[in-house]
Amino acid sequence: MRLSRYFLPVLKETPSEAQIVSHRLMLRAGMIKQASAGIYSWLPLGFKVLRRIEQIVHEEQIRAGHIPMLMPTLQSADLWRESGRYDDYGQEMLRIKDRHDRDMLYGPTNEELITDIFRAHVNSYKDLPLTLYHIQWKFRDEIRPRFGVMRGREFLMKDGYNFDIDKDAALHAYNRHLVSYLRSYERMGLQAIPMRADGGPIGGDYTHEFLVLAETGESEVFYDSEITDLKFGDRAVDYDSVPECQAVLEEFTSRYARTDETHDAAVFEAQVPEARRRSARGIEVGQIFYFGTKYSEAMNATVVTDTGARVPVHMGSHGIGVSRLLGAIIEASHDERGIIWPEGVTPFHAGIVNLKQGDSAADAACEGLYKAMVAKGLEPLYDDRSERAGAKFATMDLIGLPWRITVGPRGLEKGVVELTSRRSGESEEMSPEAAIDRLTQIYG
RNA sequence: CGGGGCGUGGCGCAGCUUGGUAGCGCGACGGUUUUGGGUACCGUAGGUCGUAGGUUCGAAUCCUAUCGCCCCGACCA
């Protein structure tokens, strides 16, 4: 993309409503524009990052054997009456009437709808296990939306639902989700720690929230410092292997890590040596949940077993806050000059800065680089505006592309351009070809 | 919903206490500069001050209502 033809409305000054750094930077970098309280338009740059995150989530869910689909944002109230949640959900659910005066709602989640689909089409244990998911906009009419996309009313969420024959099988689905989530977050350059969360009315140990540590997090968390040393890394886990998934769960959840909802100071002190006790703040970016037969019983979602008995299916639901992740990533990765995107989610792979726009050698070199990168499957953002060098650097730093190639007549006389890491700030001179090779390797 | 605050050119703000029909910076536009390092220089245009009532000779300024937005709290991915 050539910047002169793109739509990137960056701001020099920070709009006054933005209180936290991710919100400020998203507004300044021209990623979002507020449409109304807690509701945002996604401008091209923000939309691009949103799509990258969504893509990672899709890839990792499909890798885990989960099946993508899409359910609507608007739902009929009838299903929710059936589960009993139409009355339970309260003011947070946005209720709407259509022209025939039928009660509708903008879905805050999809347990009812998915269960309805399941019961209509699945009748036998032979069709299990089954995990369906989608990535769709949700609406929760928060009393007080804040922090930009971190707590919007409308937000994009991946929600997945597993259907299994019994509790053991459903717990394997739970473990599988945990593994796939660890992978997903690491690909986004995030460390998200699974923490024991509030079981809600169902109770039990079978829910974990994934928290990204950040000063601006809304939850207070308590954990054993050893947990931050754990890395999922490149390991290949067989998602069909019960013991392998179980082992990952045990590795990542055996140490003390809880949100304030479940924190127990006595247990904390008993289990964790004082030197390793940490309290911090965290941003919740996902949650996994096994809830048994709560919905299948209420909504009569049953299957016939191999002995001919009809039993309610065991279910769980598993969510990743996709739009919130943009905020979480920025909170975890920025400096005073702007955003620093991890390579996994960057909107463009590298920026090309032409130091002397209008200089025929520099212009030609930039064009050449641009085309060569595109040919290699890289997506560069070429700043071809007639701006001064400083203005171009400031824009690149603000929008946070992890790599920048700087091109000017002086370097070109020596046959070199400069490759700069946004994160470290370090620059290295090399030939344009070498720079492309390096980037191809990084993004390989 | 309880408490606090704010709505003034696209954005950030001043003016309001002590009414006399708006001002600054950024941006935009036009021109200049052909430009090598952190957002150039000069100039121009652009606002009946959220909205509706009221008080007054006169309202951005005072009063009432209303809408919107932000912050703290309770609630949530």
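Reading the values: rules and limits
Residues numbered from 1 in each chain as written. Chains lettered and ligands numbered in written order. Predicted model: local features only at pLDDT ≥ 70, side-chain atom pairs only at ≥ 80, totals over all residues. Heavy atoms only, no water. Helix = DSSP H or I, 4+ residues; strand = E, 2+ residues; numbered from the N terminus. Buried < 20%, exposed > 50% of the residue type's maximum accessible area, 1.4 Å probe, protein only. Salt bridge = Lys/Arg side-chain N within 4 Å of Asp/Glu carboxyl O. Phe/Tyr/Trp six-rings, centres within 6.5 Å; stacked < 30°, edge-to-face > 60°. Lys NZ or Arg CZ within 6 Å of the ring centre and 35° of its normal. Contact = heavy atoms within 4.5 Å. Expected span 1.5 Å × (residues − 1). Arc of directions from axis to C-beta. Polar contact = N/O pair within 3.5 Å; in protein donor to acceptor, adjacent residues only side chain to side chain.

Enquirer: Please explain unusual backbone geometry as it appears in this structure.
Expert: In most cases, non-glycine residues show a negative phi, while peptide bonds are predominantly trans. For the bond running from Leu128 to Pro129, omega is 0°, close enough to zero to count as cis. Inspection of the secondary structure puts Pro129 in the loop between α5 (111-121) and β7 (130-139). Of note in the backbone geometry, Asp101 takes a positive phi value of approximately 70° without being a glycine. Examined against the element boundaries, Asp101 turns out to sit in the loop between β5 (94-97) and β6 (103-106). By relative accessible area, Asp101 is classed as exposed at 53%.

Enquirer: Explain the pattern of salt bridges to me, please; I cannot follow it from the model alone.
Expert: Note that side chains of opposite charge can pair when their charged atoms are close. This structure, assessed with the given rule, holds 31 salt bridges. With a closest N to O distance of 2.3 Å, Arg51 and Glu54 form a salt bridge. Taken as a pair, Arg51 and Glu54 lie in helix α2 (residues 44-63) at a separation of three residues, close to a single helical turn. Relative accessible area serves as the criterion here: at 40%, Arg51 is assigned to the partly exposed category. Take Glu54: its relative accessible area is 11%, and that puts it in the buried class. Two residues, Asp397 and Arg422, come together in a salt bridge whose shortest N-O distance is 3.8 Å. Of this pair, Asp397 sits in helix α12 (residues 389-399) while Arg422 sits in the loop between β22 (417-421) and β23 (427-430), and the two are 25 residues apart along the sequence.

Enquirer: Looking at this structure, I do not really get the packing of aromatic side chains. What am I missing?
Expert: Two numbers describe a pair of aromatic rings. These are the distance of the centres and the angle of the planes. If you walk through the whole model with that rule in mind, you get 15 aromatic pairs. Ring geometry for Phe291 against Tyr295: centres 5.0 Å apart, planes inclined by 75°, an arrangement best described as edge-to-face. Like Tyr295, Phe291 is buried. Ring pairing ties together the aromatic residues Tyr181, Tyr185 and Phe210, which thus form one cluster. Looking at Arg235, its charged tip hangs above the ring of Phe232, at a distance of 4.9 Å from the centre.

Enquirer: Would you mind showing me how to read the side chain of Asp397 here?
Expert: Relative accessible area serves as the criterion here: at 12%, Asp397 is assigned to the buried category. Setting aside residues no more than four positions away along its own chain, Asp397 makes contact with Arg337, Gly338, Ile339, Arg404 and Arg422.

Enquirer: What exactly am I supposed to notice about the environment of Leu79 here?
Expert: Structurally, Leu79 is set in helix α3 (residues 77-83). On the accessibility criterion, Leu79 (11% relative accessible area) is buried. As for Leu79 and Met299, which are separated by 220 residues in sequence, their C-alpha atoms are 8.5 Å apart. Other than its neighbours up to four places away in sequence, Leu79 contacts Glu112, Leu113, Asp116, Arg119 and Met299.

Enquirer: Can you help me understand helix α11 (residues 360-375) in this one?
Expert: Each full turn of the α-helix corresponds to 3.6 residues, which orients residues three or four apart in the same direction. Between the first and last C-alpha of α11 there are 22 Å, a value that for 16 residues agrees with the 22 Å anticipated at 1.5 Å per step. Of all the residues in α11, the buried ones are Ala362, Cys366, Leu369, Tyr370 and Met373. Buried positions in α11, seen along its axis, are confined to an arc of 100° and lie on one side of it. Every exposed residue of α11 that faces more than 90 degrees away from the buried side is listed here: Ser360, Lys371 and Ala375. Buried residues in α11 make contact with β19 (350-354), β20 (380-383), β21 (403-407), α13 (409-413) and α14 (432-443). Among the residues of α11, the N-terminal cap falls to Asp359, whose side-chain oxygen and the backbone nitrogen of Ala361 are separated by 3.1 Å.

Function cannot be inferred from these measures alone, as they are strictly geometric.
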